[in-house]
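Chain residues, written in single-letter form:
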Amino acid sequence: MSTIASPPSRGKGWVFQVTALCIVLGMLLALSLRTQRRAVSEGIPNRWPALRAEFINLKQQNASLQKDLAEYKERYEELLRKQATGQAATLGLESVLQEAKMLAGQIAVHGPGIIVTLHDSPKRDVNETRPEVIENYIVHDYDIRAVVNELFAAGAEAISVNGQRLIATSSIRCVGPVILVNSVQVAAPYVIKAIGKPDVLQKALELPGGAADGLFLLDMIEVKQQPDITVPAYSGSMRFYWAKPLPQPKEKSR
Amino acid sequence: MIWLPLVGLAIGFQIYWLPGLSLPSSVAAYLSLATLAGLDSIFGGIRAGIEGKFHDDIFFSGFVVNTLLAAALAYLGDQIGVDLFLAAVVALGGRIFLNLSLIRRYLLTETRLRWRREG
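Residues numbered from 1 in each chain as written. Chains lettered and ligands numbered in written order. Predicted model: local features only at pLDDT ≥ 70, side-chain atom pairs only at ≥ 80, totals over all residues. Heavy atoms only, no water.

### A look at the overall build of chain B
Our working definition: Secondary structure elements are defined from DSSP: runs of H or I of at least 4 residues count as helices, runs of E of at least 2 residues count as strands, and each element is numbered from the N terminus. In this setup the radius of gyration rests on C-alpha atoms only. A globule is expected at 2.2 Å times the number of residues raised to 0.38. Whether two residues touch is decided by their heavy atoms; if any such pair falls within 4.5 Å, the residues are in contact. Using a 1.4 Å probe, accessible areas were evaluated by the Shrake-Rupley method; residue-level cover was limited to the displayed protein chains. His residues and chain termini do not enter the charge count, which takes Lys and Arg as positive and Asp and Glu as negative. By convention, the charge on Lys lies at NZ, on Arg at CZ, on Asp at CG and on Glu at CD.
Secondary structure assignment for chain B yields 4 helices and 0 strands. Rg of the C-alpha trace for chain B: 17 Å, well past the compact-globule value of 14 Å for 119 residues, more than 25% over. Over its C-alpha atoms, taken along the principal directions, chain B stretches across nearly 60 × 35 × 25 Å. Long-range contacts, defined as pairs at least 24 residues apart, comprise 76% of the intrachain contacts of chain B with a sequence gap of at least 6. Carbon and sulfur atoms form 71% of the exposed surface of chain B, whose accessible area is close to 6,900 Å². A distance of 14 Å separates the average location of the 9 positive side-chain charges in chain B from that of its 8 negative side-chain charges.

This is the structure we're talking about:
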């Protein structure tokens, strides 16, 4: 074997040199072990620094994303709940409002009912001149009141007189030769539209000795049943200047 | 005689182990590789000694250069994205096993010869 650097040292001299370097190796080994333990105790993989950085980065990102996800899920649930309750509440409110409006005559309604027409009696003698006799043959405000009252008593749910919807504050009266309904002048023929069960409404008017008995006698009234009539909404204004709602005890349901 | 390096190893180990010295954890991998290279040099030296081909200059320079080179190459590999760390581990590990097996054979042969001489 050819010598490259120096002639090989014969004998056991090499053992001491190996021992010398073994001391250095031992120091290196101790240092390496210590450093390795430190790396492990710091809880990070010691290889591939670039990967390690990426790993830590991804781990943090993952954690924050998980947190975001939980947050979004919670918000989603909350919105769903809100939507559900909101919809129910809105629907409930709307139906209540609709009912109240119908009751107050604020919206037009339609349904089966009767149309009552009142006009002056054709049986009047044209030669008759006595006012107290003529008076009996013409339609008065109290005739209309009586018919309307009878219809309401028979279960009419909406009534109009010549297009004037009757509401809670409606009045029917005469001023001289004209009749005012809701303070609006109306003229003959008086067309009263009433929504309700047609048969019942008609029978109520035809009751012998009833409110409209005299009108039938003098042919001043005509009653027609209709499958579908429309009663318009109250068109005047309705303001409360004096009446104030009394605080009500809270309803338990709802 | 052959146990002398082991004693040296223990002494050197204690010098650094007892004070509890350590380097930043980021160099742990390179330090491990340097240790592996040092181990390779030691076994190479032992084998050469047994074979009677021991050169002290090759041995010392090999130890220093190999440890530094192994760590440096692994670091370079990390920087340029090539896993030279594994290459060094495979090369050094292979050589360590080769040297160890040769040393074992030499020792076995020597022991057998001694027994035959004595027996």
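Having seen it, we continue.
### Some words on the overall build of chain A
The condition that has to hold: With a 1.4 Å probe rolled over the protein chains alone, any residue whose accessible area is under 20% of its type maximum counts as buried; one over 50% counts as exposed, and the rest are partly exposed.
Across its full length, chain A carries 6 helices and 8 strands. Reading the secondary structure of chain A in the N-to-C direction produces α-α-β-α-α-β-β-β-β-β-β-α-α-β. Over its C-alpha trace chain A gives a radius of gyration of 50 Å, far above what one expects of a compact globule, namely 18 Å for 254 residues. Projected onto its principal axes, the C-alpha coordinates of chain A cover approximately 170 × 45 × 30 Å. Per-residue burial for chain A yields a buried fraction of 28% across its 254 residues. Within chain A, counting contacts between residues at least 6 apart in sequence, those at least 24 apart form 75% of the total.

### Looking at the nonpolar core
To be explicit about the condition: Definition used in this section: a nonpolar core is a set of buried Ala, Val, Leu, Ile, Met, Phe, Trp, Tyr and Cys residues joined via side-chain atoms within 4.5 Å.
Counting 26 residues, the largest nonpolar core has Val116, Leu118, Ile144, Val147, Leu151 and Ile192 of chain A as its most contacted members. For this core, the elements supplying multiple residues, two or more each, are strand S1 (109-118), helix H4 (141-153), strand S2 (158-161), strand S5 (178-181), strand S7 (190-195), helix H5 (198-205) and strand S8 (221-231) of chain A. Counting residues per element, this core draws most heavily on H4 of chain A, at 4 residues. Not counting the four nearest positions on each side in its chain, Ile192 of chain A is found in contact with Ile114, Ile115, Val116, Leu118, Ile144, Val147, Val148, Leu151, Ile159, Ser160 and Val161 of chain A. Within the second largest apolar cluster, 16 residues are counted, among which are Leu25 of chain A together with Phe43, Ile96 and Ile103 of chain B.

### Concerning the sheet that holds strand S6 (residues 184-186) of chain A
All names here are of chain A. What counts here: Paired strands, as defined in this entry, are two strands with at least two bridges between them according to DSSP. Between the N-to-C directions of two axes lies an angle of 0 to 180 degrees, each axis being a line fitted to C-alpha atoms and, for a helix, fitted only over the stretch in contact.
Pairing is antiparallel across the open sheet formed by 3 strands, whose spatial order is S4-S5-S6. Because the sheet does not close on itself, it has two edges, and the strands there are strand S4 (172-175) and S6. If you compare each strand with its neighbour and ignore which way they point, the axes differ by 40° on average. Bridge analysis of S4 against S5 gives 4 bridges, and the strand direction is antiparallel. Its bridge partner lying in S5, Arg173 is registered against Leu180. In the packing of H4 onto the sheet, contacts are made with S4 and S5, and the angle to S4 comes to roughly 175°.

### Side note on the packing of aromatic side chains
To be explicit about the condition: Between the rings of Phe, Tyr and Trp (Trp by its six-membered ring), a pair exists once the centres lie within 6.5 Å; its type follows the angle of the planes, with under 30 degrees stacked, over 60 edge-to-face, and the other angles tilted. To sit over a ring, a charge needs its Lys NZ or Arg CZ within 6 Å of the ring centre and within 35 degrees of the ring normal.
On inspection of all chains with the given rule, the structure shows 5 aromatic pairs over all chains. Plain terms: the ring middles of Trp14 of chain A and Phe54 of chain B are 6.3 Å apart, the flat faces sit at 40° to each other, and that makes the pair tilted. Residue Trp14 of chain A is located in helix H1 (residues 13-41), and its partner Phe54 of chain B is located in the loop between helix H2 (28-51) and helix H3 (56-80); the two belong to separate chains. Look at Trp14 of chain A and you get buried, because its relative accessible area is 3%. A ring pair is formed by Phe59 of chain B and Phe60 of chain B, whose centres lie 5.6 Å apart and whose planes are at 65°; its orientation type is edge-to-face. Its relative accessible area of 6% is what places Phe59 of chain B among the buried residues. Taking the relative accessible area as the measure of exposure, Phe60 of chain B reaches 33% and is therefore partly exposed. An aromatic cluster is present here, built from Trp14 of chain A together with Phe54, Phe59 and Phe60 of chain B joined pairwise through their rings. In this structure, Arg34 of chain A packs its charged tip against the face of Trp17 of chain B, placed 4.0 Å from the ring centre.

### A short note on a nonpolar patch on the surface
All names here are of chain B. Test applied: A patch is a set of surface residues, each over 30% in relative accessible area and not in a salt bridge, joined within 9 Å for like charges and within 5 Å for the nonpolar side chains Val, Leu, Ile, Met, Phe, Trp and Tyr. Each reported salt bridge corresponds to a side-chain nitrogen of Lys or Arg within 4 Å of a carboxyl oxygen of Asp or Glu.
Together, Val64, Val65, Leu68, Leu69, Leu73, Leu76, Ile80 and Val82 make up an exposed nonpolar region whose accessible area comes to about 720 Å². Within the fold, Leu68 resides in helix H3. Taking the relative accessible area as the measure of exposure, Leu68 reaches 58% and is therefore exposed.

### Focus: the interface of chain B and chain A
Defined as follows: When two components associate, each loses some accessible surface as probed by a 1.4 Å sphere; the sum of these losses over both components is called the buried area.
The interface is formed by 46 residues belonging to chain B together with 40 residues belonging to chain A. At the boundary of chain B with chain A, total buried surface from both sides reaches about 4,200 Å², with 72% on carbon and sulfur atoms. Area buried by chain B at its contact with chain A is led by Trp17, Ser25 and Phe54 of chain B, which between them contribute 14% of it. Where chain B meets chain A, there are 0 salt bridges.

### Considering the domain arrangement of chain A
Frequently, the measure chosen for interface size is the accessible area removed from exposure when the parts meet. Residue and element names in this part refer to chain A. Going by this rule: Reported domain spans reflect what an automatic or database domain assignment gives. Here a polar contact is taken to be a pair of N or O atoms separated by no more than 3.5 Å, where protein atoms must pair a possible hydrogen donor with a possible acceptor and residues adjacent in sequence count only if both atoms sit in side chains.
With domains assigned, chain A is organised as domain 1 (65-104) and domain 2 (106-231). A straight line from the C-alpha centre of domain 1 to that of domain 2 covers 48 Å. Taken together, the 4 residues of domain 1 in the interface contact 5 residues of domain 2. Taking both sides of the interface into account, the surface hidden between domain 1 and domain 2 amounts to around 430 Å²; carbon and sulfur atoms contribute 63%. Of all residues in domain 1, the largest losses of buried area upon contact with domain 2 belong to Lys101, Met102 and Ala104, amounting jointly to 91% of the total for that side. The tally of links from domain 1 across to domain 2 stands at 0 salt bridges. Linking domain 1 with domain 2 are 3 residue pairs in polar contact (both at pLDDT 80 or more), by the criterion used here.

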